[in-house]
Amino acid sequence: MNDSLLPDDIVELARRVVSENMAAGRTVALAESCTGGLVSAAITEIAGSSAVLDRGFVTYSNEAKRETLGVAGDILDTFGAVSVATAWAMAQGALKHSGADVAVAISGIAGPDGGSEMKPVGTVVFARAVRGSEEVNAEERQLDGSSRALVRRQATIVALELLLPDASVD
(Lines give C-alpha, C1' and ligand atoms only; values in the text may rest on other atoms or scores of the structure.)
Protein backbone atom coordinates (compact mmCIF):
# COMPACT_ATOMS: atom_id res chain seq x y z
CA MET A 1 0.00 0.00 0.00
CA ASN A 2 1.15 3.54 -0.73
CA ASP A 3 0.67 6.66 1.35
CA SER A 4 -1.15 8.41 -1.50
CA LEU A 5 -4.71 9.63 -1.77
CA LEU A 6 -4.82 7.82 -5.12
CA PRO A 7 -5.13 4.09 -5.83
CA ASP A 8 -1.93 2.03 -6.05
CA ASP A 9 -2.32 1.18 -9.75
CA ILE A 10 -2.63 4.85 -10.73
CA VAL A 11 0.37 5.81 -8.58
CA GLU A 12 2.45 3.00 -10.11
CA LEU A 13 1.50 4.09 -13.63
CA ALA A 14 2.33 7.70 -12.76
CA ARG A 15 5.70 6.49 -11.43
CA ARG A 16 6.37 4.91 -14.86
CA VAL A 17 5.31 8.13 -16.61
CA VAL A 18 7.78 10.13 -14.53
CA SER A 19 10.69 7.69 -14.76
CA GLU A 20 10.31 6.86 -18.46
CA ASN A 21 9.84 10.48 -19.53
CA MET A 22 12.76 11.54 -17.33
CA ALA A 23 14.91 8.88 -19.02
CA ALA A 24 13.74 10.11 -22.43
CA GLY A 25 14.44 13.74 -21.49
CA ARG A 26 10.81 14.69 -22.18
CA THR A 27 8.47 17.06 -20.42
CA VAL A 28 4.70 16.75 -20.47
CA ALA A 29 1.61 18.93 -20.16
CA LEU A 30 -2.02 18.02 -19.58
CA ALA A 31 -5.26 19.58 -20.76
CA GLU A 32 -7.92 18.02 -18.55
CA SER A 33 -11.66 18.40 -18.57
CA CYS A 34 -13.63 15.46 -17.14
CA THR A 35 -10.64 14.27 -15.09
CA GLY A 36 -10.49 17.65 -13.34
CA GLY A 37 -6.75 17.53 -12.69
CA LEU A 38 -6.55 13.89 -11.60
CA VAL A 39 -3.86 13.07 -14.16
CA SER A 40 -1.72 16.00 -13.02
CA ALA A 41 -2.39 15.03 -9.39
CA ALA A 42 -1.25 11.47 -10.07
CA ILE A 43 1.99 12.66 -11.64
CA THR A 44 2.71 15.07 -8.79
CA GLU A 45 2.35 12.21 -6.28
CA ILE A 46 5.77 11.07 -7.55
CA ALA A 47 8.93 12.58 -6.09
CA GLY A 48 10.95 14.14 -8.88
CA SER A 49 7.90 14.80 -11.06
CA SER A 50 8.92 18.45 -11.43
CA ALA A 51 11.56 17.29 -13.91
CA VAL A 52 8.78 15.92 -16.15
CA LEU A 53 5.51 17.81 -15.57
CA ASP A 54 5.63 21.26 -17.12
CA ARG A 55 2.02 22.18 -16.33
CA GLY A 56 -1.56 21.08 -16.30
CA PHE A 57 -4.60 22.95 -17.53
CA VAL A 58 -8.00 22.14 -16.05
CA THR A 59 -10.40 23.53 -18.63
CA TYR A 60 -13.77 22.24 -17.54
CA SER A 61 -15.99 24.81 -19.26
CA ASN A 62 -16.08 25.57 -22.97
CA GLU A 63 -15.12 29.15 -22.08
CA ALA A 64 -11.98 27.87 -20.35
CA LYS A 65 -11.14 25.69 -23.36
CA ARG A 66 -11.41 28.79 -25.59
CA GLU A 67 -9.65 31.28 -23.29
CA THR A 68 -6.90 29.10 -21.83
CA LEU A 69 -6.11 26.68 -24.65
CA GLY A 70 -7.28 28.64 -27.69
CA VAL A 71 -9.83 26.03 -28.80
CA ALA A 72 -11.79 27.69 -31.61
CA GLY A 73 -15.41 28.43 -30.84
CA ASP A 74 -16.48 26.92 -34.16
CA ILE A 75 -14.90 23.58 -33.20
CA LEU A 76 -16.83 23.56 -29.93
CA ASP A 77 -20.06 24.70 -31.64
CA THR A 78 -19.78 22.22 -34.51
CA PHE A 79 -18.42 19.11 -32.81
CA GLY A 80 -19.02 19.72 -29.08
CA ALA A 81 -16.68 19.62 -26.11
CA VAL A 82 -16.58 15.82 -26.19
CA SER A 83 -15.17 15.31 -29.67
CA VAL A 84 -11.92 14.21 -31.23
CA ALA A 85 -11.62 17.67 -32.83
CA THR A 86 -11.90 19.41 -29.46
CA ALA A 87 -9.48 17.03 -27.75
CA TRP A 88 -6.96 17.56 -30.54
CA ALA A 89 -7.33 21.35 -30.28
CA MET A 90 -6.92 21.10 -26.48
CA ALA A 91 -3.71 19.08 -26.85
CA GLN A 92 -2.35 21.54 -29.43
CA GLY A 93 -3.27 24.45 -27.13
CA ALA A 94 -1.52 22.80 -24.19
CA LEU A 95 1.65 22.51 -26.29
CA LYS A 96 1.35 26.09 -27.52
CA HIS A 97 0.90 27.47 -24.00
CA SER A 98 3.62 25.39 -22.36
CA GLY A 99 7.21 24.36 -22.82
CA ALA A 100 6.31 20.67 -22.89
CA ASP A 101 7.46 18.15 -25.47
CA VAL A 102 4.19 16.20 -25.38
CA ALA A 103 0.66 17.06 -24.30
CA VAL A 104 -2.33 14.84 -23.60
CA ALA A 105 -5.90 16.14 -23.54
CA ILE A 106 -8.97 14.49 -22.03
CA SER A 107 -12.61 15.52 -22.42
CA GLY A 108 -15.62 13.37 -21.67
CA ILE A 109 -18.97 12.72 -20.10
CA ALA A 110 -18.45 11.38 -16.59
CA GLY A 111 -22.13 11.39 -15.67
CA PRO A 112 -24.43 10.64 -14.15
CA ASP A 113 -26.07 13.30 -16.35
CA GLY A 114 -25.02 14.90 -19.61
CA GLY A 115 -25.07 11.84 -21.84
CA SER A 116 -27.10 11.40 -25.00
CA GLU A 117 -27.87 8.61 -27.42
CA MET A 118 -24.94 9.70 -29.60
CA LYS A 119 -22.60 10.38 -26.68
CA PRO A 120 -23.62 8.27 -23.67
CA VAL A 121 -22.10 8.64 -20.21
CA GLY A 122 -18.63 7.14 -20.39
CA THR A 123 -17.79 8.69 -23.76
CA VAL A 124 -14.29 10.13 -23.39
CA VAL A 125 -11.99 11.57 -26.03
CA PHE A 126 -8.22 11.62 -25.78
CA ALA A 127 -5.56 13.34 -27.85
CA ARG A 128 -1.78 13.31 -27.72
CA ALA A 129 0.26 16.00 -29.44
CA VAL A 130 4.03 15.93 -29.78
CA ARG A 131 5.96 19.15 -30.36
CA GLY A 132 7.29 19.32 -33.91
CA SER A 133 4.96 16.60 -35.21
CA GLU A 134 1.90 17.15 -37.37
CA GLU A 135 0.62 13.64 -36.73
CA VAL A 136 -2.91 13.59 -35.31
CA ASN A 137 -3.22 11.15 -32.41
CA ALA A 138 -6.79 11.34 -31.14
CA GLU A 139 -9.56 8.90 -30.41
CA GLU A 140 -12.94 8.48 -28.77
CA ARG A 141 -13.43 5.66 -26.28
CA GLN A 142 -16.52 4.29 -24.59
CA LEU A 143 -15.56 3.64 -20.98
CA ASP A 144 -17.68 1.89 -18.35
CA GLY A 145 -20.19 4.60 -17.49
CA SER A 146 -21.71 2.88 -14.46
CA SER A 147 -20.36 5.58 -12.11
CA ARG A 148 -18.80 9.02 -12.36
CA ALA A 149 -15.83 7.88 -10.27
CA LEU A 150 -15.24 4.89 -12.53
CA VAL A 151 -15.29 7.00 -15.72
CA ARG A 152 -12.81 9.46 -14.23
CA ARG A 153 -10.58 6.66 -12.93
CA GLN A 154 -10.49 4.87 -16.29
CA ALA A 155 -9.86 8.14 -18.14
CA THR A 156 -6.96 8.94 -15.81
CA ILE A 157 -5.38 5.55 -16.53
CA VAL A 158 -5.76 5.95 -20.31
CA ALA A 159 -4.25 9.45 -20.17
CA LEU A 160 -1.29 8.28 -18.09
CA GLU A 161 -0.70 5.44 -20.57
CA LEU A 162 -0.71 7.99 -23.40
CA LEU A 163 2.06 9.92 -21.63
CA LEU A 164 4.43 6.95 -21.77
CA PRO A 165 7.15 7.56 -24.38
CA ASP A 166 6.18 4.50 -26.45
CA ALA A 167 2.44 5.26 -26.37
CA SER A 168 0.21 5.75 -29.36
CA VAL A 169 -3.48 6.35 -29.74
CA ASP A 170 -5.15 3.37 -31.39
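Residues numbered from 1 in each chain as written. Predicted model: local features only at pLDDT ≥ 70, side-chain atom pairs only at ≥ 80, totals over all residues. Heavy atoms only, no water.

### What about the overall build of the protein chain?
Quick note on the threshold: Per the convention used, a helix needs a DSSP run of H or I reaching at least four residues, while a strand needs a run of E reaching at least two, with both numbered from the N terminus. It is over C-alpha atoms that the radius of gyration is taken, and the globule rule equals 2.2 Å times the number of residues to the power 0.38. Exposure classes here rest on a 1.4 Å probe applied to the protein chains alone. A residue is buried below 20% of its type maximum, exposed above 50%, and partly exposed in between. Whether two residues are in contact is decided by their heavy atoms, any of which lying within 4.5 Å being enough. Accessible surface area values rest on a Shrake-Rupley calculation with a 1.4 Å probe, where residue burial reflects the displayed protein chains alone. For the purpose of charge, His is not counted, nor are the chain termini; Lys and Arg are scored as positive and Asp and Glu as negative. Positions of charges follow a simple convention, taking NZ of Lys, CZ of Arg, CG of Asp or CD of Glu.
Along the backbone of the protein chain there are six helices and five strands. Going from the N terminus to the C terminus, the protein chain shows its helices and strands as α-β-α-β-α-α-α-β-β-β-α. Taking 2.2 N^0.38 as the reference for a compact globule, 170 residues should give roughly 15 Å; the C-alpha atoms of the protein chain span a radius of gyration of 15 Å, in line with that estimate. Within the protein chain, buried positions represent 49% of all 170 residues. Once local pairs closer than 6 in sequence are excluded, the contacts in the protein chain between residues at least 24 apart make up 65%. When the accessible surface of the protein chain is totalled, it reaches about 7,800 Å², and 51% of it is carbon and sulfur. Of the side chains in the protein chain, 14 bear a positive and 23 a negative charge, and the two mean positions are spaced by 3 Å.

### Regarding the nonpolar core
Filter applied, for reference: Buried Ala, Val, Leu, Ile, Met, Phe, Trp, Tyr and Cys residues that are joined via side-chain atoms within 4.5 Å together make up what is termed a nonpolar core.
Ile-43, Ile-106, Leu-160 and Leu-163 are the most contacted members of the largest nonpolar core, which totals 33 residues. Looking at this core, the elements with two or more residues in it are α1 (8-24), β1 (28-32), α2 (38-44), β3 (102-108), β4 (123-130) and α6 (148-162). Top contributing element to this core by residue count: α6, with seven residues. Beyond its immediate chain neighbours, meaning those up to four positions away, Ile-43 contacts Ala-14, Val-17, Val-18, Val-28, Leu-30, Ser-49, Leu-53, Leu-160 and Leu-163. If you look at the next biggest cluster of nonpolar residues, it comprises 23 residues, including Val-82, Ala-87, Trp-88 and Ala-127.

### Focus on the side chain of Thr-123
How we decide: Any pair of N or O atoms that falls within 3.5 Å is considered a polar contact. Within protein, one atom must be able to donate a hydrogen and the other to accept it, and sequence-neighbouring residues count only if both atoms are side-chain atoms.
Within the secondary structure layout, Thr-123 lies in strand β4. Engagement of the side chain of Thr-123 in a polar contact is seen with the backbone oxygen of Pro-120, the distance being 2.6 Å. One polar contact links Thr-123 to Gln-142, side chain to side chain, over a distance of 2.9 Å. Every residue in contact with Thr-123, bar those within four places of it in the chain, is listed here: Val-82, Ser-107, Gly-108, Ile-109, Glu-140, Arg-141 and Gln-142.

### Things to note about the pattern of salt bridges
The test is simple: The salt bridge definition used is simple: a Lys or Arg side-chain nitrogen within 4 Å of an Asp or Glu carboxyl oxygen.
The tally for this structure, following the rule as stated, stands at six salt bridges. A salt bridge links Asp-9 to Arg-153; its shortest N-O distance comes to 2.8 Å. Here Asp-9, found in helix α1, pairs with Arg-153, found in helix α6; they are 144 residues apart in sequence, far enough to count as distant. Arg-15 is the partner of Glu-12 in a salt bridge, and the nearest nitrogen-oxygen pair spans 3.1 Å. You can see Glu-12 and its partner Arg-15 sitting in helix α1, three residues apart, about one turn around the helix. A residue is classified by how much of its surface remains accessible, and Glu-12, at 45% relative accessible area, is partly exposed.

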